[in-house]
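# Summary of structural features
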Amino acid sequence: MNLSGISMDWAGYLPVQKAFYGIGGVAAFLILILGLFQLIGMEIHADIEHPDHNGASLFSVKPIIGFFFGFGWAGGVSSGRMSLLPAFSLALVAGLCFMFIIWGIVRTFVHFQNDGSMKIQSAIGREGIVYTTIDPRKGGLIQVTLNTGLETLPAVTRETKSISTGKTVTVIQLDGPNLLVETKTK
């Protein structure tokens, strides 16, 4: 590898090109570091907390680094070929494009991610099958499909008669650690 050729190219760049390439180079280095961390299982999640985005904020680390990557490299290439204002405008558009593309990719992956924890509240409104007879005084067990798969959970009923094994029930609400169910009407 000829390092003298690289240093001669760098010396021939305009100061504004060096600034753009510096920004793009730092962003590329950060992308490399984030990728290595993710490979060893140390993914970094740092974003503005908002209850609607579930870790896929437009203003999180990855989209912002993507902005600087696109901004820096597009600005470096274009500033050598055109005046500063059009080059800066092109760099800004490229940075925003990279930011939105990376945000879209992160949103897609977060949407398909499952942390593996059972969310018992998601059983409300779902149908289940009685696994062991549900006695009105003692309760019983039902099987219901949640985000983690088919689960066998304790259930109680307000009905006066027992609900026998194999019957279909609907989960109405939570009753402490139990699911409150009623027999499904046809």
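Keep in mind the model is a prediction, meaning the values are calculated, not measured.

Here is what the cut-offs are and how they apply
Residues numbered from 1 in each chain as written. Predicted model: local features only at pLDDT ≥ 70, side-chain atom pairs only at ≥ 80, totals over all residues. Heavy atoms only, no water. Salt bridge = Lys/Arg side-chain N within 4 Å of Asp/Glu carboxyl O. Helix = DSSP H or I, 4+ residues; strand = E, 2+ residues; numbered from the N terminus. Buried < 20%, exposed > 50% of the residue type's maximum accessible area, 1.4 Å probe, protein only. pLDDT = per-residue confidence, 0-100. Pairing = 2+ DSSP bridges. Axes fitted to C-alpha atoms, helices over the stretch in contact; angles between N-to-C directions. Phe/Tyr/Trp six-rings, centres within 6.5 Å; stacked < 30°, edge-to-face > 60°. Core = buried A, V, L, I, M, F, W, Y, C linked by side-chain atoms within 4.5 Å. Contact = heavy atoms within 4.5 Å. Patch = residues over 30% accessible without salt bridge, like charges linked within 9 Å, V, L, I, M, F, W, Y side chains within 5 Å. Areas by Shrake-Rupley, 256 points an atom, 1.4 Å probe, with all protein chains shown as cover.

## A word on the pattern of salt bridges
Summed over the entire model, instances satisfying the criterion amount to 2 salt bridges. For Glu127, the salt bridge is made with Lys184, and the minimal N-O distance between the two is 3.1 Å. You can see Glu127 sitting in strand β1 (residues 127-135) and its partner Lys184 sitting in the segment after β5 (178-183), a full 57 residues away along the chain. The exposure class assigned to Lys184 is partly exposed, which follows from its relative accessible area of 39%. For Asp135, the salt bridge identified is with Arg137, shortest N-O distance 4.0 Å. Arg137 sits in the exposed class, given a relative accessible area of 75%.

## Thoughts on the confidence of the model for the chain
For the chain, the average pLDDT comes to 83, and 84% of its residues sit at 70 or higher. Of all secondary-structure elements in the chain, the lowest mean pLDDT belongs to helix α1 (residues 3-12), at 61, while β1 reaches the highest, 93.

## Topic: the pairing of β1
Here β1 runs beside strand β4 (residues 168-175); their pairing, made up of 3 bridges, is antiparallel. The residue of β4 that forms the bridge with Glu127 is Thr170. Taking the residues between adjacent antiparallel strands as the criterion, β1 and strand β2 (residues 139-146) are bridged by 3 residues.

## A closer look at the sheet that holds β5
Pairing is mixed around the closed barrel formed by 5 strands, whose spatial order is β1-β2-β3-β5-β4. Pairwise comparison of adjacent strand axes, ignoring direction, gives a mean angle of 50° for this sheet. Note that β1 and β2 share 5 bridges and pair antiparallel. The partner of Gly128 across the bridge, within β2, is Val144.

## Points about the packing of aromatic side chains
According to the stated counting rule, one finds 9 aromatic pairs in the structure shown. Ring geometry for Phe100 and Trp103: centres 6.1 Å apart, planes at 80°, overall edge-to-face. Of this pair, Phe100 and Trp103 both sit in helix α4 (residues 84-111), 3 residues apart, roughly one helical turn. By relative accessible area, which is 43% here, Phe100 ends up partly exposed. Grouped by ring-pair contacts, the aromatic residues Tyr13, Tyr21, Phe69, Trp73 and Phe98 constitute a single cluster.

## Thoughts on the nonpolar core
Judged by nonpolar contacts, the single largest core of 13 residues is most densely connected at Ile134, Ile142, Leu179 and Val181. Looking at this core, the elements with two or more residues in it are β1, β2, β3 (149-157), β4 and β5. The dominant element in this core, judged by the number of residues it contributes, is β2, at 3 residues. When near neighbours in sequence (up to four residues on either side) are disregarded, Ile142 contacts Ile129, Val130, Tyr131, Ile134, Glu151, Thr152, Leu153, Ala155, Val169, Val171, Leu179 and Val181. With 6 residues, the next largest nonpolar core counts Phe20, Leu58, Phe71 and Ala91 among its residues.

## Focus on a nonpolar patch on the surface
Together, Val26, Phe29, Leu30, Leu32, Leu36, Leu39, Ile40 and Met42 make up an exposed nonpolar region whose accessible area comes to about 840 Å². If you trace the backbone, Ile40 turns up in the loop between α2 (15-39) and α3 (61-79).

## Details of the pairing of β4
As defined by bridge partners, β4 adjoins β5 across 6 bridges and the pair is classed as antiparallel. Bridging across to β5, Val171 finds its partner in Val181. Between β4 and the antiparallel strand that follows it, β5, lie 2 residues; Gly176 among them carries a positive phi value of about 65°.

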